[in-house]
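Fold and geometry: a report
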Amino acid sequence: MKTGFVYLVGAGPGRADLITVRGAEILKKADCIIYDKLANPALLKFARKDAEIIHVPKRVGDGSFTQQEINKLLLEKASSGKTVVRLKGGDPGIFSRGAEEIANLAEAGINFEIVPGVTAATAAAEYAGILLTDRQYSSQVVFITGQEAKGKEKSNIDWHLLAKFSGTIVFYMAMGNMDYIAKQLIENGMDENTSAVVIADATFPTQRIVRGSLRLISQECKENKVEPPAIIVIGRAADSDKRFNWFTKQPLSGKNIVVTRDACGNAEFAGKIISRGSNPIEFEAIKIKPLTNKDRFLWALAKLTEYDWIVFTSSNGVEIVFNFLRSLGKDARVFSSVKIAAIGSETAETLNKLGIKADFVPSVFTSRELGKQLAEFTNLKGKKVLLLRSQLASDELVKWLKQAGAEIENVPVYRIDTVKSKCNRLIENIKSGEIDWLVFASPSSVRAFFEQIQVGIINSSSAKVASIGPVTSEQLRSHNSIVDVEASEHTIDGLLDAIGRSYRQ
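Residues numbered from 1 in each chain as written. Predicted model: local features only at pLDDT ≥ 70, side-chain atom pairs only at ≥ 80, totals over all residues. Heavy atoms only, no water.

What follows concerns the pattern of salt bridges. Under the defined criterion, the tally for this structure stands at 22 salt bridges. Between D493 and R276 there is a salt bridge whose closest N-O contact spans 3.6 Å. Highlighted residues: D493 in helix α18 (residues 492-502) and R276 in the loop between α8 (263-275) and β12 (279-282), separated in sequence by 217 residues. By relative accessible area, R276 is classed as partly exposed at 21%. As a salt-bridge pair, E451 and K420 come within 3.9 Å of each other at their nearest N and O atoms. Separated by 31 residues along the polypeptide, E451 in the loop between α15 (443-450) and α16 (455-459) and K420 in the loop between β17 (407-418) and α14 (424-431) bring together distant segments of the chain. Among the residues examined, K420 registers a relative accessible area of 63% and is labelled exposed. Residues participating in the shared-partner salt-bridge network are D36, R86, K88 and E101. (Salt bridge = Lys/Arg side-chain N within 4 Å of Asp/Glu carboxyl O. Helix = DSSP H or I, 4+ residues; strand = E, 2+ residues; numbered from the N terminus. Buried < 20%, exposed > 50% of the residue type's maximum accessible area, 1.4 Å probe, protein only.)

The structure is reproduced here in structure tokens:
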């Protein structure tokens, strides 16, 4: 039987993209992933489709696991010959009971590797603009658990030493014991006015920072309804320069943004929103169905060498065509005899990742400008042009290309269907003012969205509407929706940039 192996992988402090490169690589080859409550579930995107996924939250109630049960599970999976990833929040060696798990593995003779992760103390502090050490105010830092093991007769925490400590003190898992911690430090000689800061939901768009004196910090947190997970920083470091607070100073920091694409598109969009400190709310309005198995596409594919130009008008079209080519055992070489045009930078980038550099990309990313500028770029008279695009695409591109004398073959490679999503929660959030932005990246997502949610609900709320470009804006206005922002660069990044600029005007 194959010998099993266990990787203890640090998942990092919260944000999925803060995992190490090594950690992400290990996740890709795991047979079984056993992950904690504090490990971001988004990291499971790295898992193989056939990987066994087991969630082991150590909390009270149904579905919770004891440490003994987790130890047993690790042994069981590894003993059966599997490559196991034990995915732990933060770093496996910092207040994670990792020592118990590797001792258990070592005793059973199972090989393991510890893959370090970014620990919460450093990440939370830096996402709040706090440097835990600085030669001006702190040359030392100490990490303390705010929850010692249950049943211990004597604390291992030297409160007298901590009260006299001249550096930075960081407490993990201490929200429930803040009054006790402050009391112990003050009674052992620490000034009650010592600066303290609590950072909750660190690295996430919901990150919150509460500052106060050691004596009052617990009360401040109660008044602000701060809940775990959180860390507490005590000492001069907590009095950091407010200009260093880079994360929450981003224009879109903390904003709730609804994305309305298909599931895959929403996931991509959500990643970009999170990187700007915002909170994405995914509302799947549409579903993309490939049409590459239809006779019309197969016929065009069979005579690719007869075309002079092939035009892609979306990243979706590119990916669908290449997925089909892969199923046939083919790749980018099928396009070796033709020139390729892409509607914009995102479509061109998708092509580039698949081995094709677009021969032409217009300066303005619309169908009209694609047709107009391509005709200016090259002589299209008598040229055969194949359009691979959505079934719902407008006739504007065809019109401009025909005016230039091109012979057009317009082949749909996908269609867009409306997805009926649960709307009640979103409607409540819109009405209550909890939604800052609704963003639309295509006319089809507009149509699908307003089939399910009345435009009056949007127009009467504080939520603003952002459009990726003029065609989408036209569709929004046809539904009597207000358009608060339209992107000048018709890409997802351009759309988010436009929303950000609206806060600086």
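Across the interface, helix α9 (residues 295-302) lies against helix α10 (residues 315-327) with an axial gap of 13 Å and an inter-helix angle of 75°. In terms of their interaxial angle, α9 and α10 are classed as roughly perpendicular. Here F297, L298 and L301 of α9 come into contact with α10, specifically with V321, F324 and L325. Tallied by class, residues from the contact of α9 with α10 come to 6 nonpolar, no polar and no charged. (Axes fitted to C-alpha atoms, helices over the stretch in contact; angles between N-to-C directions. Parallel < 35°, antiparallel > 145°, perpendicular 65-115°, else oblique. Contact = heavy atoms within 4.5 Å. Nonpolar A, V, L, I, M, F, W, Y, C, P; charged D, E, K, R; others polar.)

With that settled, consider the packing of α8 against α18. Packed helix pairs are characterised by how far apart their axes lie and by the angle those axes make with each other. Direction vectors running N to C along α8 and α18 enclose 40°, while the axes themselves pass 11 Å from each other. Relative to α18, α8 is oriented oblique. For the pair α8 and α18, the crossing hand works out as right-handed. Here F269, K272 and I273 of α8 lie close against α18, whose contacting residues are I492, D493, L495 and L496. Per-class residue counts for the contact of α8 with α18 are 5 nonpolar, no polar and 2 charged. (Left-handed = near helix turned anticlockwise from the far one by under 90°.)

Counting 51 residues, the largest nonpolar core has F335 and L438 as the members making the most contacts within it. Tallying contributions element by element places α10 first for this core, with 6 residues. Every residue in contact with L438, bar those within four places of it in the chain, is listed here: V258, I430, F449, I458, A463, K464, V465 and A466. Among the nonpolar cores identified, the runner-up in size contains 25 residues, and A163, I181, I217 and I232 belong to it. (Core = buried A, V, L, I, M, F, W, Y, C linked by side-chain atoms within 4.5 Å.)

On to the confidence of the model for the protein. Across the protein, the average pLDDT comes to 93, with 98% of residues at or above 70. For the protein, the element scoring lowest by mean pLDDT is α8, at 90; strand β19 (residues 464-467) scores highest, at 98. (pLDDT = per-residue confidence, 0-100.)

With that settled, the discussion passes to the sheet that holds strand β11 (residues 256-259). Strand order in the open sheet made by the 5 strands is β12-β11-β18-β19-β20, with parallel pairing throughout. Of all the strands in the sheet, just β12 and β20 (485-486) have a single pairing partner and so form its edges. Taken together, the 4 bridges between strand β18 (residues 437-440) and β19 define a ladder with parallel strand orientation. By the bridge assignment, V439 is partnered in β19 with A466. On top of the sheet, α8 reaches β11, β12 and β18; it is set at about 170° to β12, its chief contact. (Pairing = 2+ DSSP bridges.)

Quick look at the environment of C221 now. As for its placement among the helices and strands, C221 is situated in helix α7 (residues 217-223). With relative accessibility at 3%, the residue C221 sits in the buried group. Every residue in contact with C221, bar those within four places of it in the chain, is listed here: M175, M178, V198, V210 and V226.

Along the chain, G90 turns up in the loop between β4 (83-88) and α3 (98-107). The sequence separation of G90 and A11 amounts to 79 residues, and the corresponding C-alpha distance is 5.5 Å. Among residues more than four places away in sequence, those in contact with G90 are G10, A11, G12, P13, G117, V118 and T119.

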